[in-house]
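# Fold and geometry: a report
One-letter residues, chain by chain:
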Amino acid sequence: MMPPVRPTLAYILKGYPRISETFISNEILLLEQLGFRIHLFPMRKPRETFCHESVKQIRAAVDYLPTDLLLELPRLIAPNILAAVRTPGLYRSALGLAARRFQRTRKIATFKHLFQGGYLAEKHLAAHPEIIHLHGHFAHSPTSVTMFAAHLRRLPFSFTAHAKDIYTSHPDQLREKMAQASFVITCTMHNKEYLEAVGAGSSPPIYCIYHGIDLSLFSHTRKPPDCLPPYRLLTVARMTEKKGLPTIYQALRNLADRGITFQHNLIGDGDDRQQILELIERLDLKHCCRLLGTRTHTEVLEHFRQSDLFVLGCEIAESGDRDGIPNVLVESLAMGIPAVSTNVSALPELLINGETGITVEPHNSIAFAEAMLRLLTDTELRRRVIKGGRTFVEARFDNKTLITQLAAIFQSTHPSLLPVEKN
């Protein structure tokens, strides 16, 4: 006889794998190493042609959901018809839920998420009864699909809320998901407090679990605190409004006007690439600023090793989008590279002024330039911040410890998700 298939945890993801979401692939890998059996259901295929090494170690089965409502409608329709025929009451209530949500936002994507949820429920969950819990990563579209699929299969679900997905979501839409979820995970205390306010006392348990990093990648790194011009400055960020790149380049122009010599590297790409190129040209910084595009995590770590200072100008975008605690800031501190950023959102939970880094008000390029110069030239401050930052990260951002906490939450809901150890 074939051995019974172990209970499985399903992850519904916006895309997989993604270069900018190493925290998700690391989470999946560490859960597998703890004994979890996981099945991945991404909503999009990868944009990049390469992936991080951690992805190659993941054993989870991967089944992609149809992405485009119109182009892939034939694939979506049949499973949804089957769901409506098999469980008409459940499908009718799911359709009612979708209609209520559409009334709030008037976004046709609501019905796409219903159809994707129906596809997931009939095409995959019905064929895999070993899947006993669904977990959406990001509170917007992945959790919408997760919610509909869980409803149609009468399965419990949970989700992880990050940053943009929280603050650009309609509060009523978010509250509705929270009310139906078994629990919610989020990655900062700032987010947790916001979600608790949105839930208005009727939300499920909300847990703050920071995005950790693999400390073993940084244990051998010990840079001397002193640095000399030309200073080597680094930013790792998508070229998008919330990263505050114009503030960084205006601050760099300020430093250049004061005779400070430096080389600034930006790793990342994005929709605002052309605007950034034009800004660098306008500020006459082409000779000291390079755009390096998307790089692997190994290459990013090498650039950290060669840098004197990490800078990130986070701000709140017009849409409400903002960062939580970018992992690159955590990695910078772990590498012994001091960091300057802003006091937006949860960044002060990591960068404590004068102790683990320096934060300034967003958009304030003059204050940003001053903070950069202090951390480059004040040796005593650099020494204190480098030591404090590394110690802080080692104590609070060890991903093995944090994923063990996440595993305990999953296991408290479903003890069977982890195998019983044999004597």
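To keep things clear, this report deals only with the structure shown in the data block. (Residues numbered from 1 in each chain as written. Predicted model: local features only at pLDDT ≥ 70, side-chain atom pairs only at ≥ 80, totals over all residues. Heavy atoms only, no water.)

### As for helix α3 (residues 73-86)
End to end, α3 covers 20 Å across 14 residues, agreeing with the expected 20 Å (1.5 Å per residue, within 8%). Buried residues of α3: Leu-76, Pro-79, Asn-80 and Ala-83, and no others. Along α3, the residues classed as buried sweep out an arc of 100° about the axis, all on the same side. The outward face of α3, more than 90 degrees from its buried face, is lined by the exposed residues Pro-74 and Val-85. (Helix = DSSP H or I, 4+ residues; strand = E, 2+ residues; numbered from the N terminus. Expected span 1.5 Å × (residues − 1). Buried < 20%, exposed > 50% of the residue type's maximum accessible area, 1.4 Å probe, protein only. Arc of directions from axis to C-beta.)

### Observations regarding the sheet that holds strand β10 (residues 289-293)
Strands belonging to one sheet form pairs held by backbone hydrogen bonds; the direction of such a pair is parallel or antiparallel. Here we have six strands laid out as an open sheet, ordered β10-β9-β8-β11-β12-β13, and parallel in their pairing. For this open sheet the edge positions go to β10 and β13 (358-360), each flanked by a neighbour on one side alone. Across the sheet, the axes of successive neighbouring strands diverge by a mean angle of 25°, strand direction being ignored. Two elements, strand β12 (residues 339-342) and β13, share three bridges in a ladder whose sense is parallel. Residue pairing in the sheet places Ser-341 in a bridge with Thr-359 of β13. Each of β8 (231-236), β9 (262-267), β10 and β11 (309-311) touches helix α10 (residues 245-257); the most contacted strand, β9, lies at about 170° to it. (Pairing = 2+ DSSP bridges. Axes fitted to C-alpha atoms, helices over the stretch in contact; angles between N-to-C directions. Contact = heavy atoms within 4.5 Å.)

### As for the side chain of Asp-321
For Asp-321, the position within the fold is in the loop between β11 and α13 (327-334). For Asp-321, the contacting residues outside a window of four places in its chain are Lys-164, Thr-168, Lys-242, Glu-315 and Ile-316.

### So, the packing of aromatic side chains
In total, this model carries nine aromatic pairs according to the counting rule given. Centroid distance Tyr-11 to Phe-410: 6.4 Å. Interplanar angle 45°. Geometry classified as tilted. Taken together, the residues Tyr-11 in strand β1 (residues 8-13) and Phe-410 in helix α16 (residues 399-413) connect sequence positions 399 residues apart. For the residue pair Tyr-11 and Phe-410, the accessibility class agrees, reading buried in each case. (Phe/Tyr/Trp six-rings, centres within 6.5 Å; stacked < 30°, edge-to-face > 60°.)

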